[in-house]
Amino acid sequence: MVKFTADELRRIMDYKHNIRNMSVIAHVDHGKSTLTDSLVAAAGIIAQEVAGDVRMTDTRADEAERGITIKSTGISLYYEMTDDSLKSFKGERNGNEYLINLIDSPGHVDFSSEVTAALRITDGALVVVDCVEGVCVQTETVLRQALGERIRPVLTVNKMDRCFLELQVDGEEAYQTFSRVIENANVIMATYEDPLLGDVQVYPEKGTVAFSAGLHGWAFTLTNFAKMYASKFGVDETKMMERLWGENFFDPATKKWTTKNTGSATCKRGFVQFCYEPIKQVINTCMNDQKDKLWPMLTKLGITMKSEEKDLMGKPLMKRVMQTWLPASTALLEMMIFHLPSPSTAQRYRVENLYEGPLDDQYATAIRNCDPEGPLMLYVSKMIPASDKGRFFAFGRVFSGKVSTGLKVRIMGPNFVPGEKKDLYVKSVQRTVIWMGKRQETVEDVPCGNTVAMVGLDQFITKNATLTNEKEVDAHPIRAMKFSVSPVVRVAVQCKVASDLPKLVEGLKRLAKSDPMVVCTIEESGEHIVAGAGELHLEICLKDLQDDFMGGAEIIKSDPVVSFRETVLERSCRTVMSKSPNKHNRLYMEARPLEDGLAEAIDDGKIGPRDDPKNRSKILSEEYGWDKDLAKKIWCFGPETTGPNMVVDMCKGVQYLNEIKDSVVAGFQWASKEGALSEENMRAICFEVCDVVLHTDAIHRGGGQIIPTARRVFYASQLTAKPRLLEPVYMVEIQAPEQALGGIYSVLNQKRGHVFEEMQRPGTPLYNIKAYLPVIESFGFSSQLRAATSGQAFPQCVFDHWDMMSSDPLEAGSQAATLVTDIRKRKGLKEQMTPLSEFEDKL
Amino acid sequence: MFLALHIFFKLYSQYNKPHKIKNFKSFGSLFPASLGSIGPSIRLLLQSRGQKLELNPSFRNFFLKPYTNKNSAARNLNSDTRVRVTVKTHLCRKNPNLIGKRSRSSFTLAMDFESNYDIATTADFIRTHKFTRVALQFPDDLLKDSTRVVSVLRKRLRSLRESDTTGSGDEPDIGLFVMADTAYGSCCVDEVGASHINADCVIHYGHTCFSPTTTLPAFFVFGKASIGLADCVESMSQYALTSSKPIMVLYGLEYAHSIQQVRKALLESSTFCTSDPKSEVHFADVPSPYMFPSKDTKKLNDLQEETCGCGDNSSSDGASGAAYSIGGLTWKLLEGQSMEDYSLFWIGHDNSAFANVVLRFNACEIVRYDATKSQMVADLSQQRRILKRRYYLVERAKDANIVGILVGTLGVAGYLHIINQMMGLITAAGKKAYTLVMGKPNPAKLANFPECDVFLYVSCAQTALLDSKDYLAPVITPFEATIAFNRGSQWTGAYVMGFGDLINLPQVQVGNQEEARFSFLKGGYVEDFENQENNVEEEREDLALANATEKALQLRDNCNSIIKGGAKSGAEFFANRTYQGLNIPDDNTTPQSFVIGRKGRAAGYEDENNKH
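Conventions and cut-offs
- Residues numbered from 1 in each chain as written.
- Chains lettered and ligands numbered in written order.
- Predicted model: local features only at pLDDT ≥ 70, side-chain atom pairs only at ≥ 80, totals over all residues.
- Heavy atoms only, no water.
- UniProt positions renumbered as here; feature names shortened; annotations may be inferred.
- Helix = DSSP H or I, 4+ residues; strand = E, 2+ residues; numbered from the N terminus.
- Buried < 20%, exposed > 50% of the residue type's maximum accessible area, 1.4 Å probe, protein only.
- Contact = heavy atoms within 4.5 Å.
- Core = buried A, V, L, I, M, F, W, Y, C linked by side-chain atoms within 4.5 Å.
- Domains from an automatic or database assignment.
- Salt bridge = Lys/Arg side-chain N within 4 Å of Asp/Glu carboxyl O.
- Nonpolar A, V, L, I, M, F, W, Y, C, P; charged D, E, K, R; others polar.
- Polar contact = N/O pair within 3.5 Å; in protein donor to acceptor, adjacent residues only side chain to side chain.
- Arc of directions from axis to C-beta.
- Axes fitted to C-alpha atoms, helices over the stretch in contact; angles between N-to-C directions.
- Parallel < 35°, antiparallel > 145°, perpendicular 65-115°, else oblique.
- Pairing = 2+ DSSP bridges.

As recorded in an unreviewed UniProt entry, chain B goes by 2-(3-amino-3-carboxypropyl)histidine synthase subunit 2 and comes from Medicago truncatula. For chain B, the Sequence similarities (unreviewed entry) comment in UniProt is given as "Belongs to the DPH1/DPH2 family. DPH2 subfamily." Entered under Pathway (unreviewed entry) in the UniProt record, the comment concerning chain B runs "Protein modification; peptidyl-diphthamide biosynthesis."

Where an unreviewed UniProt entry is consulted, chain A appears under the name Translation elongation factor EF-2 subunit, with the organism given as Medicago truncatula. According to UniProt, the comment filed for chain A under the heading Subcellular location (unreviewed entry) is "Cytoplasm".

Written as structure tokens, this is what we have:
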């Protein structure tokens, strides 16, 4: 009973004003996938009856099993509006048919890279918020991301059914809750306001907020009710809408609207009077099986039920009635069509964010105008594993031009630099495909403004890429995506059977391709490492690796490994010196910690090796109190030339110093990558070159003499400056009822975590707890927490900062020393740290 | 295209006067400035060590010239490219009583000595092949015995000649030359050193890797280490009982002499090997100590097979399966069996030969019997770790742009072939190769070439594994390079050390070239765009030079001077350095008044004595 065909879809793809690309974003478990089901059902892909139970977009077995979305899934919907409903639509349109490319995204923080990929190729976002839990940490994160991409949001307050069935709150209380939810969301949106995007806040009275019950498949906007009552009261629809929200009260006894509660028993808020109460009444009647009362009520509302549906009882009856009365799809789709931008509108202001090249070239113009005749500009945001194991669909959005089967395209990878041949391929698209639920339909071509999947490019696209026509050699790529989480949890994997190694290698390659966030690397000791954003993410990745990408070959995974950083606490207790192997050159150095916040500034790219030295010295002197001249004497950053450590030249009038600079820098890159304690990266250390004594003959101070010496003196200065370990720390946000707090605190205490914020959600019995938790303690945290709170608390962990461990790693038996020994053992190093005397020389 | 630095450097000095090299400065003059950076480093090294005048062993090459033949030796040594410090001393002549007394007082000891150094067989070997100039190569730890070996051997040769009166009585005296401290590993036959004295054969003493020679025949004296026979047999039979697989016994060559006894003792001590076919014990054949050069590198394996003479045939009874050889040991397996079906039992030290075996047969269960401590060692996790570490190095090498080929041998047969093969491999992979000859590598020497991302060490099987922790860039073996630079080849766990196996290694059919390469170091896909460019360049070869120059002259961002893996060639690397040399066009043209510089020695200048 599919209501539309691929041909129909393809036809509407050409009407760029009638397309809406949107993603559904929310906190975990706020009902995205369930709500999406209702929309899919409206398009006739699944039966209306099962909508809300099928979770159409959770295509993977493990998604269904766990009840969470893991991968973002795209789906194209066809929807025909009636003339009547469109009469108030002001924007450009082309007929009544609409195409909605919808992407359902995961809500768990571990998979937020999927959200990023989804947002890039959409123009609007449906933000789903649980009416009881309210705006949560992940809601905020995804909203921030969306606005950063210039995605216009609309809001739906979901799980309305909980209000009616579970909590049984009265109208006024419910209104307060809803308005608080909307207010909270608006506060976030206002923070990230963007002049080009205009006012992005949402207002129920303007129709940008919907109220929905995804599970039961019904939803409404104030528009629905406004239309209903407008004729009755003989007022304008917009006027009616305004009255249905905010400080507008109606007293049926006097039949008067007021802006204040008159205090009489019958005076109620417009929303309560006209929206909440009627729904409550219908639901209650259905649930109580008072069919004699129900039928007249339904007739009054203009709802006709099929005869077989009349036999239903209780919940199914209620569901059916509500679906017929207030179908979720109508309300939500109307809201999207009215309030979310079409590609042609959105690309006008998004082009600045998207295009890396000059904004006046033909590519920028084509994107701006969403020009189907212009040059092809297509961004591939993710790779979707195909049913054919090991192959991928390249999934993306056409921003201008058309992509067609057999077209030769230029693939510009993330490292592509215009004018060079690096990371560039010219290949032809084997097939263009659109997604219709679980099925894929091949189409001849896809014009701009649409999402598309392509076959045959997976070998040349690593994670994302920009595609353009073969001939367009001067096109710049579309800006790469920025991810909000970083892969901090790592496990070492190896195959059970040694000869499976090639399979493992191949599998890791595929895994890296399929997930933009996972990082597959190799350790110095030869172990393969898979790094992910969190425990859950890793678990999913390893499952994929074993089942899909390695053909079921068994793998052994180690316990999760956390990487540490090495830093120093104080300035070196003395200037240390190392001699070169030939004893003719001496380097004198001291280490000191970088100023607070400077390492983070380097991480964020506020200060870096490519800055103009003048700007850099300005920032350093003004914000971090550096000496102006000194700031100009930064030799380098490291590791990898961009890391948060630096070498500063403090020498005065030393000969030949510039000659050895390159060698010292090479030694520094080496040393800062493998610190003296446990060969972890260094962080926030500033090395000051105090003096150097060099042989007068250039051949005696070459790289062979200086590089190893520089490395030794870096280590020596690190060891004399009270070295410390830094451990990564998560910020955990937990939402739980009061009675679960005790359990949360005790688990956090066990795990070395500490709470820094505890707040009761106004109007709810729920508490919001924010805490810091060392990543190393976080393994098994969520299951322990669930056990301790009988399943009432669910944590969301995001990497927050590096925290210094107070114990001294040089003091035998201390916690840090044990850690260092463990790390060294794992890396196959000598368990004993190399003593200072190995690095420091005496005169 | 390739900047090839071939620097052959030898130092000859008199054996017993290492502390009195007076004309030290003359070393420096050896190196013209044009040699680039390797010259300075070697010179520097010499000077730094020169303080104590305990020269780096790799540069020492002592020739002890016996008094009977000194003139001819001196003549042959004369060469203007080498420094020679000739001080005449005759160790043996100075105190001839010493040796005489000792041998007289302890006759049995002398007998031991003779048998340990295989004097009789050596003399026979020299005699039968009618060699006239024989080089005796000693490793450092046996050098103390060299004079005694020479005198005993000479005596034996003389007596042989006297007894053998059939020939003309006036054949010339056989010249014996002691050769020590080879430029490369002391396990290999130093053919270059031997050819300096026009030797026509080399007698090699001590631990050997049994690498085939190129030009000279060689005779190996393994030495004879003592072994507790009963204890060894005891542990062996115990292990055989616990092991489910048949056992292959391999051993260090210093134990080769007693293997026959071990075998006999094992057979006598128990009858288990007949009852249970599963716990069979096989022995690798004792290698023949002779080796004749083979020009044809393709037949290196055959060469080894034909030399197995003194081994017991019973071990290979009915064996017609795959033949194996490693470090001189050879054995055959039964038809249809592979090494995975065996457990290995190694008798000997935990040395490079053993490491070699562990790497090569990494799929087998291996135990080691330490003969000096008389105990079994089953924990080999450290050895296993090496393999993983090598795997990491291969992955690292894949990301390299510039490869330095270190020539670590000038003797092992096929080394030139391998170097050329590697050169072709590297170029085909779109990387740059430079050939460097520097004797034994050490971190300071290699750090003089910071532009190299990885070093490829072409040397004999047993010196090939350099632990790379101290090195700025990893050092890999030719086999690893083959895996790293051949797109599409995979690390399967098989590991090959010798050249012979490598040359015979089937060329991997390169499959799908087009997919971007996954770099496990960067954790993502990278593409080696040279592959793409190569195709374009072939089409218009006349423009190749122009293209190359164009690339060389690209203006680069100066900020990141030394990023590993950034530069594509040595020239580009140097162009990216912040220090480019003296800046001649200085704006300040007014003459500067001179200042007085520092005084004193580099170890502590006068103006800073009280500073630190």
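Further remarks concern the overall build of chain B. Helices and strands together make up the secondary structure of chain B, namely 22 helices and 23 strands. Looking at chain B as a whole, 52% of its 612 residues qualify as buried. The long-range share in chain B, meaning contacts at least 24 apart out of those at least 6 apart in sequence, stands at 71%.

A few words on the nonpolar core. Membership of the largest hydrophobic core comes to 162 residues, with the highest contact counts inside it found for Met454(A), Leu467(A) and Phe485(B). Setting aside residues up to four positions removed in sequence, Phe485(B) forms contacts with Ala397(B), Val403(B), Leu425(B), Ile426(B), Ala429(B), Lys431(B) and Val454(B). Counting 68 residues, the second-largest nonpolar core is a separate cluster that includes Ile182(A), Val209(A), Val282(A) and Met318(A).

Next up on the list: the domain arrangement of chain B. Residue and element names in this part refer to chain B. Its domain assignment divides chain B into domain 1 (113–162 + 172–221), domain 2 (229–293 + 323–378) and domain 3 (391–506 + 518–526). Centre-to-centre separation of domain 1 and domain 2, based on C-alpha positions: 29 Å. Counting from both sides, the interface comprises 17 residues of domain 1 and, opposite them, 13 residues of domain 2. The interface formed by domain 1 and domain 2 includes 0 salt bridges. Elements represented by at least two residues in the side of domain 1 that touches domain 2 include exactly helix H7 (119–128) and strand E7 (218–221). Tallied by class, the residues present in the side of domain 1 that touches domain 2 amount to 9 nonpolar, 8 polar and no charged.

Taken together, the contacts link 55 residues of chain B with 67 residues of chain A. Where chain B meets chain A, there are 1 salt bridge. For Arg389(B), the salt bridge is made with Glu524(A), and the minimal N-O distance between the two is 3.0 Å. There are 5 residue pairs in polar contact (both at pLDDT 80 or more) connecting chain B and chain A. Elements represented by at least two residues in the side of chain B that touches chain A include exactly helix H2 (38–50), helix H15 (381–398), helix H20 (529–539) and strand E23 (604–605) of chain B. Here the element with the most residues in the side of chain B that touches chain A is H15(B); it accounts for 7 residues. Looking at the side of chain B that touches chain A residue by residue, the class counts come to 24 nonpolar, 13 polar and 18 charged.

Residue and element names in this part refer to chain A. For helix H24 (residues 741–750), the set of buried residues is Leu741, Gly743, Ile744, Val747 and Leu748. Mapping the buried residues of H24 onto a view down its axis gives an arc of 160°, with all of them on the same face. For H24, the exposed residues lying more than 90 degrees away from the buried face are Asn749 and Gln750. Buried positions along H24 lie against strand E33 (723–737), strand E34 (754–760), strand E35 (766–774) and helix H25 (781–788).

Residues and elements named next belong to chain A. Two elements in contact, helix H12 (residues 291–301) and helix H13 (residues 314–325), have axes separated by 12 Å at closest approach and are oriented at 10°. Taken together, the axes of H12 and H13 lie roughly parallel to each other. On the side of H12, the interface is formed by Lys291, Leu294, Trp295, Leu298 and Leu301, while H13 contributes Leu317, Val321 and Trp325. Its residues placed into classes, the contact of H12 with H13 shows 7 nonpolar, no polar and 1 charged.

With that settled, the discussion passes to unusual backbone geometry. Residue and element names in this part refer to chain A. Of note, the amide linkage connecting Gly638 to Pro639 takes the cis form, showing an omega dihedral of 0°. If you trace the backbone, Pro639 turns up in the loop between strand E29 (634–638) and strand E30 (645–649). The phi torsion at Lys722 lies on the positive side, around 50°, for a residue other than glycine. Within the secondary structure layout, Lys722 lies in the loop between helix H23 (703–720) and E33. Given the relative accessible area of 39%, Lys722 is considered partly exposed. The phi dihedral of Arg752 falls on the positive side, at around 65°, and the residue is not glycine.

What follows covers the sheet that holds strand E3 (residues 97–104) of chain A. Picture the strands of a sheet paired through backbone hydrogen bonds; they go either parallel or antiparallel. Residues and elements named next belong to chain A. The sheet built from 7 strands is open, its strands ordered E2-E3-E1-E4-E5-E6-E7 with mixed pairing. One side of each edge strand has no neighbouring strand; the edge strands of this open sheet are strand E2 (73–80) and strand E7 (218–221). Each strand of the sheet is rotated relative to its neighbour by a mean of 25°, with strand direction disregarded. Most of the contacts of helix H6 (residues 137–148) go to strand E1 (residues 19–26), to which it runs at about 150°, and overall it touches E1, strand E4 (124–130) and strand E5 (152–158). Across the sheet, helix H8 (residues 171–191) lies against E4, E5 and strand E6 (209–213), angled at about 155° from E5, the strand it touches most.

Attention now moves to the side chain of Thr432(A). All names here are of chain A. In this structure, Thr432 sits in strand E16 (residues 431–436). Here Thr405 takes part through its side chain, which lies 3.2 Å from a polar atom of the side chain of Thr432. For Thr432, the side chain forms a polar contact with the main-chain oxygen of Val443, separated by 2.6 Å. Leaving out residues up to four positions away in the same chain, Thr432 has contacts with Val403, Ser404, Thr405, Glu441, Thr442, Val443, Glu444, Asp445, Val446, Val452, Ala453 and Met454.

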